[in-house]
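# Structure assessment
Spelled out from the first residue to the last, the chains are:
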Amino acid sequence: MAKEATRPNLIARLKGNGSKKPLLIMGHSDTVKIDPSKWTLPPFGASHNDGYVYGRGTLDDKANLFAGMMTMLMLKRTGAVTDRDVILVSEAGEESNSAVGIGYLVAEHFPKIEAEACLAEGGGVIRRAGKARWATVQTVEKYPARIQLVARGPSGHGSRPLRGNAIVHLSGAIEKLAYWDPPMKLNDTTRTCFEKLATLADPEEAARFRDLFIPEKAAAAREYLAQNEPGLYSMLHTSISPNMIEGGFQANVIPSEATATLDVRALPDEDLPAFHELMRKVINDPAVELVPGARTRPGAGPMSTKSEFYGAIEAAYQKTYGIPTLPFMGTGATDMSQLRPKGVQCYGVGAARDDEDLVKGFGPHSDQERISEDAVYKHLQFFWSAVTAISGAKFTK
Ligand SMILES: [Zn+2]
């Protein structure tokens, strides 16, 4: 199944007895690029070292793909009889080009992957000091809603500074937006997530999560998260990050225009025109125009945490690791954003990773991406347990 000959997707299906609709398990075989000069171990060698497997994609997303493939093989080998077809999809283009991956499959081959539920990347088990603490399940995600800021002003000679300088106005607008704390809006998923964190985290941390719900303490708690937990802070509201800036063409010329690209990540139920209006108020400068871009990804959700699917995932994490599960909202985009609007109930899962590894430079997309060997095996156990439960597998052999 390929839109581009060199980037094929693979679809495999194990037939069930048809009493329930299919379950889709999905992983992506593509990875982000590598800079070979930065890798001390071969980037695609799966080198074993100190109990870890090193290589590009070990965390993102080969662990899921491996667990999915092994689960299919084991269902086949054991002659399991299932209530649902189990479909495995290995996607060829998640990281930078979903047009050859999920975009293509949804547009041109949807009947082949249509399912009631889907397990894909996006969640995982959080380990601290080598101990599994809790599992996260991605039930909803933000969507990109990029914006351009365009500042305009008089041009002139650089030797005679102008108060109307477009660059000055643009910088002012960016700074105001960057330090703005947009209104906190929780949905079912994020409310449950923060409530659970308030009971599971270490005492000091837990107190801060409780503070989020106490009006007079919430602002300070949010500021702490903004500085120390940017991922959690981003879950509280539609976020804005200024990531590209352009203006001027010669050192002695005051330019008449300067632009900035803002990476805005919207809450799934955000009223964007109203949010843009708030942004304009924060900027409060008629010289700066806000130009919203086209929406690039659909989206839907949150998925229910009361569904049989969430229940099976929760039970599988409990059984495999003996830990609780909390739902969370992805701040980035995954391919589930294309499936959810088609009615597929998608849940993001994943293997265990060490929280400490993120800052040490061993995380996904890093130059030393790694997964612990133990996490690979455990993830398969989890996957097997979740998939056999959801598909109602019975073993007669
Ligand atoms: Zn990925």
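Quick caveat, the model's predicted, so the values are computed rather than measured.

Definitions and limits used
Residues numbered from 1 in each chain as written. Predicted model: local features only at pLDDT ≥ 70, side-chain atom pairs only at ≥ 80, totals over all residues. Heavy atoms only, no water. Donors = N, O, S within 2.8 Å, 3.2 Å for Na, K, Ca; no water. Tetrahedral: all angles 85-135°; square planar, octahedral: opposite > 155°, others 65-115°. Helix = DSSP H or I, 4+ residues; strand = E, 2+ residues; numbered from the N terminus. Buried < 20%, exposed > 50% of the residue type's maximum accessible area, 1.4 Å probe, protein only. Domains from an automatic or database assignment. Buried area = accessible area lost by both parts, 1.4 Å probe. Salt bridge = Lys/Arg side-chain N within 4 Å of Asp/Glu carboxyl O. Polar contact = N/O pair within 3.5 Å; in protein donor to acceptor, adjacent residues only side chain to side chain. Nonpolar A, V, L, I, M, F, W, Y, C, P; charged D, E, K, R; others polar. Core = buried A, V, L, I, M, F, W, Y, C linked by side-chain atoms within 4.5 Å. Contact = heavy atoms within 4.5 Å. Phe/Tyr/Trp six-rings, centres within 6.5 Å; stacked < 30°, edge-to-face > 60°. Lys NZ or Arg CZ within 6 Å of the ring centre and 35° of its normal. Axes fitted to C-alpha atoms, helices over the stretch in contact; angles between N-to-C directions. Parallel < 35°, antiparallel > 145°, perpendicular 65-115°, else oblique. Left-handed = near helix turned anticlockwise from the far one by under 90°.

## Description of the coordination of the zinc ion
In this structure, His28 (NE2), Asp60 (OD), Glu121 (OE) and Glu121 (OE) serve as the protein donors to the zinc ion, at separations of 1.9 to 2.7 Å. One can describe the donor arrangement at the zinc ion as irregular, given that its four donor atoms subtend angles of 52 to 150° at the metal. Linear spacing of the donor residues for the zinc ion on their chain is H-x31-D-x60-E. Highlighted residues: Asp60 in helix 1 (residues 58-77) and Glu121 in the loop between strand 6 (117-120) and strand 7 (124-128), separated in sequence by 61 residues. Overall, Asp60 belongs to the buried group, its relative accessible area being 10%.

## Quick notes on the domain arrangement of the protein
When its domains are assigned, the protein resolves into domain 1 (10-142 + 299-391), domain 2 (146-183 + 237-294) and domain 3 (185-236). Its C-alpha centre places domain 1 at a distance of 26 Å from the equivalent point of domain 3. Between domain 1 and domain 3, a total of about 1200 Å² is buried, with carbon and sulfur atoms accounting for 61% of that surface. Our count for the contact surface shared by domain 1 and domain 3 stands at three salt bridges. Summed over the shared surface of domain 1 and domain 3, the number is six residue pairs in polar contact (both at pLDDT 80 or more). Sorting elements by how many residues they give to the side of domain 1 that touches domain 3 places strand 16 (residues 325-330) first, with five residues. Residue composition of the side of domain 1 that touches domain 3, grouped by class: nine nonpolar, three polar and four charged.

## Examining the nonpolar core
Ranked by size, the top nonpolar core spans 41 residues in total, and within it Ile25, Leu119, Tyr317 and Phe382 carry the most contacts. Non-local contacts of Leu119, meaning those with residues more than four positions away in its chain, are made with Leu24, Ile25, Met26, Ile313, Tyr347, Phe383, Ala386, Val387 and Ile390. Among the nonpolar cores identified, the runner-up in size contains 23 residues, and Ala145, Ile174, Val264 and Leu272 belong to it.

## Overview of the side chain of His276
Of note, His276 is situated in helix 9 (residues 272-283). Exposure remark for His276: the relative accessible area of 8% places this residue in the buried category. When sequence neighbours within four positions are dropped, the list of residues in contact with His276 reads Ile147, Leu290 and Pro292.

## Notes on the packing of aromatic side chains
Tallied over the entire structure, the rule returns nine aromatic pairs. Directly above the ring of Phe110 sits Lys342, whose terminal nitrogen or CZ lies 4.6 Å from the centroid.

## Considering the side chain of Gln338
Here Gln338 lies in helix 11 (residues 336-339). Judged by its relative accessible area of 14%, Gln338 falls in the buried class. Setting aside its immediate chain neighbours within four residues, Gln338 contacts Ser98, Ile102, Gly103, Val106, Arg297 and Pro298.

## Thoughts on the packing of helix 1 against helix 13 (residues 373-391)
For the pair helix 1 and helix 13, interaxial distance at closest approach is 9 Å and the crossing angle is 55°. In terms of axis orientation, helix 1 runs oblique to helix 13. For the pair helix 1 and helix 13, the sense of crossing is right-handed. Contacts from Ala63, Asn64, Phe66, Ala67, Gly68, Met70, Thr71, Met74 and Leu75 of helix 1 reach helix 13 at Val376, His379, Leu380, Phe383, Trp384, Val387 and Thr388. Residue classes in the contact of helix 1 with helix 13 are distributed as eleven nonpolar, five polar and no charged.

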